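# Understanding the architecture of this molecule
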Amino acid sequence: MRRLPLVTAAVLAGALALTACGSSDSGSDDGAGLSVGSAYMPQPVSDTMAAGFLVITNKGAAGDVLTRVTSEVAGEVTVHRTVGQTMEEAKSLDIPAHGELVLQSGGDHLMFEQLKRKPLEGEKVAVQLHFAKTSPITVEMPVKSATYNPKTGH
């Protein structure tokens, strides 16, 4: 008789796990999930490379991982981590539960390599963010002036 409550608990836990998996298709693990803001690309000074910055906010109860970034404007988009004074390519970046992943000038950031065309100020560049748990998110990244500072808006 004592096994019945354990079986019921196991079935309930399995149903909850399946519900969580199903909701991840909508881009969240508990209804809140990931959102992206403050995205921009400074107009590149190089014909072959550009940088990109954004903030991924995770309102969910579970962490996620940014695993890959793609864009039609570049042959490759890599994620870079700044450690001290050096920049190194990262395979992925963690997005903590109830936290943020901030990609900003002087810190962790995106590098658009092998540009197919040079984005110009005023244009928007589509970027697809791929995650370990959440469905991909497409972001329209506005191209700002090469000297744009998000703190001043110029």
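Check the entry above for the structure.
Calculation notes
- Residues numbered from 1 in each chain as written.
- Predicted model: local features only at pLDDT ≥ 70, side-chain atom pairs only at ≥ 80, totals over all residues.
- Heavy atoms only, no water.
- Core = buried A, V, L, I, M, F, W, Y, C linked by side-chain atoms within 4.5 Å.
- Buried < 20%, exposed > 50% of the residue type's maximum accessible area, 1.4 Å probe, protein only.
- Contact = heavy atoms within 4.5 Å.
- Phe/Tyr/Trp six-rings, centres within 6.5 Å; stacked < 30°, edge-to-face > 60°.
- Helix = DSSP H or I, 4+ residues; strand = E, 2+ residues; numbered from the N terminus.

### So, the nonpolar core
I56, L66, L110, F112 and L129 are the most contacted members of the largest nonpolar core, which has 28 residues in total. If sequence neighbours within four positions are ignored, I56 has contacts with L34, S35, V36, L66, I95, G99, E100, L101, L129 and F131. Ranked by size, the runner-up nonpolar core spans five residues in total, among them Y40, A51, F53 and Y148.

### Comments concerning the packing of aromatic side chains
Note on aromatic pairs: each is described by the distance of the centres and the angle between the planes. Using the criterion set out here, one finds two aromatic pairs in the structure. A ring pair is formed by Y40 and F53, whose centres lie 5.2 Å apart and whose planes are at 45°; its orientation type is tilted. Of this pair, Y40 sits in strand β1 (residues 34-42) while F53 sits in strand β2 (residues 49-58); the two residues are 13 residues apart in sequence, bridging distant segments of the chain. Among the residues examined, Y40 registers a relative accessible area of 6% and is labelled buried. Judged by its relative accessible area of 6%, F53 falls in the buried class. With a centroid separation of 4.8 Å and 70° between ring planes, the pair formed by Y40 and Y148 is classed as edge-to-face. Of this pair, Y40 sits in strand β1 while Y148 sits in the segment after β10 (137-144), and the two are 108 residues apart along the sequence. Put simply, the rings of Y40, F53 and Y148 pair up and form one aromatic cluster.

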